[in-house]
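Structural characterization, general
Read off the chains here:
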Amino acid sequence: MNPPPSLLQTPGFAHYSLAWSPFHNNRIALASSANFGIVGNGRLHLVSLAPGPAGLPLLKLDKFYETQDGLYDLAWSEIHENQLVTASGDGSIKLWDVMLNDLPIRAWQEHTREVYSVDWSNIKKDTFASSCWDGTVKLWTPDRPRSLSTLQAHQSCVYQALFSPHQPDTLATCSTDGTVKIFDLRSPAYVPSGPGNNFTTPMSAAVLTIPASPGEVLSIDWNKYRPLTLASAGVDKVVNIWDCRMIKPGELNQVGAARETQLFGHEYPVRQVQWSPHRADILATASYDMTCRVWNTAPAPGRAQLMHIHDSHTDLNMKDGKIELDATDIFSSSLETLFDYHPITLASAGSVYTHECKNPSSKACATDTPLKVTLVTPDTLSANWSLHASDIWMSSHYLADHLDQLCIDTISAQKSDGEKVRILELGASAGLPGILIAKAFSNVSVVVSDYPDKLLMKTLAENVSRNGVSHCCVAVPYAWGSDTSIVIGDSGVFDIVVAADTLWNPTLHAIFIQSLQSTLKKSPFARIHLVAGLHTGRYTIQSFLNAVQDAGFDIESALEKEVRGDQEKPWDVKDDNDDKDRRRWVVWMVLKWRI
């Protein structure tokens, strides 16, 4: 661990954002929240940097302001050296003058949810922007009592909105929907009517939409030297560099950008990304893995991208250098308890996950007692982090809790005496459904498979052994679209194929379908059961359903099922859900051969 030259602690208040003054190189502001921003009040801290012992810098707390709700972000004014704005969990934006005490000099209350970011334009210096969990971005000027304009930028939380440092009317946003968008503020327009778009809250038309990640994009930043170059990062632990110069002037709703490079190394979601103000190829990131990292995005031949790791933060309980409590798990469980927020992942790399459920109603159950499996969530080699195999997804949990819907007894009844039901799990990760099936049923032979990454497969094989099912379950490395003989072995193709959250990348649909064709037995009783969270995207799911029918399968059923309840409804690609509602549902698809 590298000790910092100076340390400032604010007991009881966790820091969400830090900003240097653009006028004074020794002045810093901190936006902080009690209870990690989950519930409670906030503080705006003003800090100065002064020479300390041996010439090292010394951080000194000058003053602080109390707020009634947590503060998530702040931005210094570009026109007044003593003023700054803060973003609050109660939906308010406040303007402060650091020469005054106690109270803000102005407050705005237009957002309907938590305000998560504020950004002051360094070109239009009288304008700042705010982004909110309600999906909107608002533009403001300090001397007006209301916002200048509102963008309905996304259908779900907008984590950040940033003005371009090169073009005064260009703004970028990132969201829980996995996209980065670029807006031209000179020509506001609305997208054509469609899913998620209605007359009362029409979606603002972006110049460019980048499908940046299958998970939430938490942070973006503009390169200070290269116009239309952006960095993005988020829950998938990967930093992406985007070249957006293909934007056509005057044309709206363009999709896609050129990915210049990816930066791998963080072990948990990346919370913040920021380009250097001094060099075009230097980037800094901060992550929930408690490290800050400095990268060179264009290193010389033979040189690494990673330049330095700062690991001085130890906010969680530590024991023998290891985190005892998982930061992501604490955050997700707190949101679920306080705000009815349903997580889409339940465990992250290296964590131990125990799943307990009642025995499925079956004549072939191996035990009459409640079933329990204990799994270690696998990690992968850095080159394979884009697989997102280092999580246990809610769809996997839902599938494991509803094994009765696999109708194993029905298929078993068609078998001769002693013949086992063959079951394959594709994209198994930790192997939750497959290992639970092997533990629950006495008449099955199970293969749990995933990409041939040595770390992933080692953990998956250990999970099989750990739960005492090695006699009827085997972990097999298998890449979709490759030779299936390694998974079929000598026992033949499968009666049931299951997979959870394997549809999020549409570029892989073709080889995934090819694997389904090669592994499912051509029998009127053979079935494929696929469960996907709605974070996959409705049109992505529908494009898969269209493709799988062209490949010779029929859709026996496609139902949306409530994760924590008994409701279900027919699949509808045009159904309109906000982010909170999407987390409450999964889609269960049952496929069979067209015979």
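Residues numbered from 1 in each chain as written. Predicted model: local features only at pLDDT ≥ 70, side-chain atom pairs only at ≥ 80, totals over all residues. Heavy atoms only, no water.

By the element assignment, His535 lies in the loop between strand E36 (527–533) and helix H8 (538–550). By relative accessible area, His535 is classed as partly exposed at 24%. Along the primary structure His535 and Gly178 are separated by 357 residues, whereas in three dimensions their C-alpha atoms are 8.8 Å apart. At 3.4 Å, the side chain of His535 and the side chain of Asp501 are in polar contact. (Helix = DSSP H or I, 4+ residues; strand = E, 2+ residues; numbered from the N terminus. Buried < 20%, exposed > 50% of the residue type's maximum accessible area, 1.4 Å probe, protein only. Polar contact = N/O pair within 3.5 Å; in protein donor to acceptor, adjacent residues only side chain to side chain.)

Let's shift gears to a nonpolar patch on the surface. Taken together, the side chains of Met99, Leu100 and Ile105 define a hydrophobic patch exposed on the protein surface, amounting to about 290 Å² of accessible area. Along the chain, Ile105 turns up in the loop between strand E7 (93–97) and strand E8 (106–108). (Patch = residues over 30% accessible without salt bridge, like charges linked within 9 Å, V, L, I, M, F, W, Y side chains within 5 Å. Areas by Shrake-Rupley, 256 points an atom, 1.4 Å probe, with all protein chains shown as cover. Salt bridge = Lys/Arg side-chain N within 4 Å of Asp/Glu carboxyl O.)

For the rest of this paragraph, the subject is the sheet that holds strand E11 (residues 136–140). Strand order in the open sheet formed by four strands is E9-E10-E11-E12, with antiparallel pairing between adjacent strands. Only two strands of the sheet have a single partner each, and these edge strands are strand E9 (115–120) and strand E12 (149–152). Here the strands of the sheet are splayed against their neighbours by 20° on average, with no regard to which way each runs. Here strand E10 (residues 128–132) runs beside E11; their pairing, made up of four bridges, is antiparallel. Among the inter-strand pairings, Phe128 is bridged to a residue of E11, identified as Trp140. (Pairing = 2+ DSSP bridges. Axes fitted to C-alpha atoms, helices over the stretch in contact; angles between N-to-C directions.)

Another point: the environment of His278. Within the fold, His278 resides in the loop between strand E22 (270–275) and strand E23 (282–287). Judged by relative accessible area, which is 64%, His278 ranks as exposed.

Throughout the structure, instances matching the rule amount to zero disulfides. In this model Cys132 remains outside any disulfide bridge; the closest cysteine sulfur is found in Cys157, 7.6 Å from its own. Using a relative accessible area of 0% as the deciding quantity, one classes Cys132 as buried. Not engaged in a disulfide, the cysteine Cys472 finds its nearest cysteine sulfur in Cys473; these two sulfurs lie 6.3 Å apart. On the accessibility criterion, Cys472 (9% relative accessible area) is buried. (Disulfide = S-S within 2.5 Å.)

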